[in-house]
Amino acid sequence: MALPFKLVYTDDYYLPIGAHVFPAQKYRLIHKRLLESGIAEPPDFITPQPAQDEDILRVHTREYVQKLKMGTLSVQEEMQMEVPYSPELVKAFWLAAGGSILAAEWALREGAACNIGGGFHHAFPDHGEGFCVIHDVAVAIKRMHQDGKITRAMTVDCDVHDGNGTAAIFPPQGKTRIGQPLPSAGASQRDIHAAQEKPRKNGDQLEVFTISLHQAHNYPAYKPPSSIDVNLPDGTNDDEYLGWLDQSLSSAFRHFEPELLCYIAGADPYKEDQLGGLSLTIEGLKKRDELVLKVAKARNIPVMITYAGGYARRVEDTVTIHCNTILAAKEIFS
Ligand SMILES: [Zn+2]
């Protein structure tokens, strides 16, 4: 039976970065596993086109886009990206952004959609970093706004690393700013500090509420404020994580009612991740997906999923975690 939502995918999502801790082949492996396991069938997949430059330029500076297209990044800028520059790399990121635009469109149409890629949440308007060149999720949000389809979006970033690019692109202001960060590493207090502000109309202006649950002691060193930041201590386990996620979502929805929820479903909070220091299990990560998706469904909020990071010692585990996100969505939206 066909999935009740679309999966956006192309073999060209593969990132041409050679031997790298980022498993560039994961997208092809996920596609293969989804078909082999029967979670998805060929008609569930739709093929993205690269984003238009004008879509990219709503998020990124002209100067940065020019450097990417002309291959004129400085050595320093290329090092900060942490992936080797090539024209093919740039193409793959334009395609990932086009994929997130397509996923957002289908999410708004059908209630959910997943880009089998994207989630490049460390990209800033004027530079790339942490394996991220173009912020595909921000590009998709701004395009949906441009098309008059949304004025309020929420990002729920469950990658183990802080969504610094997202926070820089959409700094909390007005009603998307809800006060103090959640408890820092090691804190036991479970209160969420938030201003008691109710949603209100704000013309056509785009408002983006950003949530980031991340390991406190991990990249990036400087974490610009999101609307809600949860600075998790090293070794946070399934139950603790799910508790924090539940509270963050509850708090967020008390203050903000989005028209599109962008779920950044990083696989790297996994206990066997090479770049993460949390202790979630594969089962716990699926419960995480279920929680986000159930909340979105219960509130009738279209949800667009992107994948972000995943660096498990065994790439098969990363593939399982990402496929489980689709399985969770299938169970919840069927
Ligand atoms: Zn990550």
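Just so we're clear, the structure is a prediction, and the values are computed from it rather than from any experiment.

Reading the values: the criteria
Residues numbered from 1 in each chain as written. Predicted model: local features only at pLDDT ≥ 70, side-chain atom pairs only at ≥ 80, totals over all residues. Heavy atoms only, no water. Donors = N, O, S within 2.8 Å, 3.2 Å for Na, K, Ca; no water. Tetrahedral: all angles 85-135°; square planar, octahedral: opposite > 155°, others 65-115°. Helix = DSSP H or I, 4+ residues; strand = E, 2+ residues; numbered from the N terminus. Buried < 20%, exposed > 50% of the residue type's maximum accessible area, 1.4 Å probe, protein only. Salt bridge = Lys/Arg side-chain N within 4 Å of Asp/Glu carboxyl O. Core = buried A, V, L, I, M, F, W, Y, C linked by side-chain atoms within 4.5 Å. Contact = heavy atoms within 4.5 Å. Phe/Tyr/Trp six-rings, centres within 6.5 Å; stacked < 30°, edge-to-face > 60°. Lys NZ or Arg CZ within 6 Å of the ring centre and 35° of its normal. Pairing = 2+ DSSP bridges. Polar contact = N/O pair within 3.5 Å; in protein donor to acceptor, adjacent residues only side chain to side chain.

Student: I'm lost on the coordination of the zinc ion in this one. Help?
Tutor: Four donors placed tetrahedrally around a metal ideally meet at 109.5 degrees, and six donors placed octahedrally ideally meet at 90 or 180 degrees. Donor atoms from the polypeptide that bind the zinc ion are Asp159 (OD), Asp159 (OD), His161 (ND1) and Asp268 (OD), placed at 1.9 to 2.8 Å. Viewed at the metal, the 4 donor atoms of the zinc ion are separated by angles of 52 to 152 degrees, and the geometry they form is irregular. Sequence spacing of the donors to the zinc ion: D-x1-H-x106-D. Here His161, found in the loop between β4 (152–157) and α7 (164–169), pairs with Asp268, found in the loop between β7 (260–264) and α9 (282–298); they are 107 residues apart in sequence, far enough to count as distant. In this pair, the class of His161 matches that of Asp268, namely buried.

Student: Teacher, can you tell me more about the pattern of salt bridges here?
Tutor: Counted under the stated rule, the structure contains 15 salt bridges. A salt bridge links Asp147 to Arg143, with the nearest nitrogen and oxygen atoms 2.9 Å apart. Note on Asp147: relative accessible area 34%, which makes it partly exposed. With its nearest N and O atoms 3.2 Å apart, the salt bridge here joins Arg299 to Glu257. Of this pair, Arg299 sits in the loop between α9 and β8 (303–306) while Glu257 sits in the loop between α8 (238–255) and β7, and the two are 42 residues apart along the sequence. By relative accessible area, Arg299 is classed as partly exposed at 37%. For Glu257, a relative accessible area of 27% translates into the label partly exposed. One salt-bridge network, in which partners are shared between bridges, spans Glu54, Asp55, Arg58, Glu105, Arg143 and Asp147.

Student: It is not clear to me how the nonpolar core should be interpreted in this structure. Could you clarify?
Tutor: Membership of the largest hydrophobic core comes to 113 residues, with the highest contact counts inside it found for Leu7, Leu34, Leu68, Ile134, Val156, Tyr263 and Ile326. No other element matches helix α5 (residues 87–110), which puts 14 residues into this core. Once residues within four sequence positions are removed from consideration, Leu7 is found in contact with Leu34, Ala40, Asp44, Phe45, Ile46, Cys114, Ile116 and Ile326.

Student: Hey, could you run me through the environment of Leu291 in this one?
Tutor: Tracing the chain through its elements places Leu291 in helix α9. Taking C-alpha positions, Leu291 is 34 Å from Lys91, a pair spaced 200 residues apart along the chain. If we ignore the near neighbours within four places in the chain, the residues touching Leu291 are Leu242, Leu245, Asp246 and Leu249.

Student: For this particular structure, what's the right way to read the packing of aromatic side chains?
Tutor: Going through the model one piece at a time under the given rule, you end up with 10 aromatic pairs. Summarising the aromatic geometry, the rings of Phe22 and Tyr27 are spaced 6.4 Å apart at their centres and angled 45 degrees between planes, so their arrangement reads as tilted. Classification of Phe22 as buried rests on a relative accessible area of 3%. In this structure an aromatic cluster arises from ring pairing among Tyr9, Tyr13, Phe22, Tyr27, Phe45, Phe131 and Tyr311. If you follow Arg109 out to its NZ or CZ, it ends over the ring of Trp106, 4.3 Å from the centre.

Student: Mind showing me how you'd approach the pairing of strand β3 (residues 112–115) here?
Tutor: Every regular strand shows the same layout, with side chains that alternate between the two sheet faces. Going residue by residue along β3, you find Ala112 and Cys114 tucked away on one face and Ala113 and Asn115 tucked away on the opposite face as well. With 3 bridges joining them, strand β1 (residues 6–8) and β3 adopt parallel strand pairing. Counterpart to Val8 in the pairing with β3 is Asn115. In this sheet, β8 lies alongside β3 in parallel orientation, the contact comprising 3 bridges.

Student: I would appreciate a short explanation of the side chain of His121 in the present structure.
Tutor: Looking at where His121 falls in the secondary structure, it is placed in the loop between β3 and α6 (136–146). Looking at His121, its side chain comes within polar contact range of the side chain of His122, at 3.2 Å. Residues contacting His121, with those up to four places away along its chain left out, are Cys132, His135, Asp157, Asp159, His161, Asp162, Gly163, Asn164, Gly165 and Thr166.

Student: Would you mind going over unusual backbone geometry with me for this structure?
Tutor: Peptide bonds are mostly trans, and most non-glycine residues show a negative phi. Here Tyr219 and Pro220 are connected by a cis peptide whose omega angle stands at -5 degrees. Counting through the fold element by element, Pro220 comes out in the loop between β5 (207–215) and β6 (228–232). One non-glycine residue, Phe131, lies in the positive phi region at around 70 degrees. In this fold, Phe131 is placed in the loop between β3 and α6.

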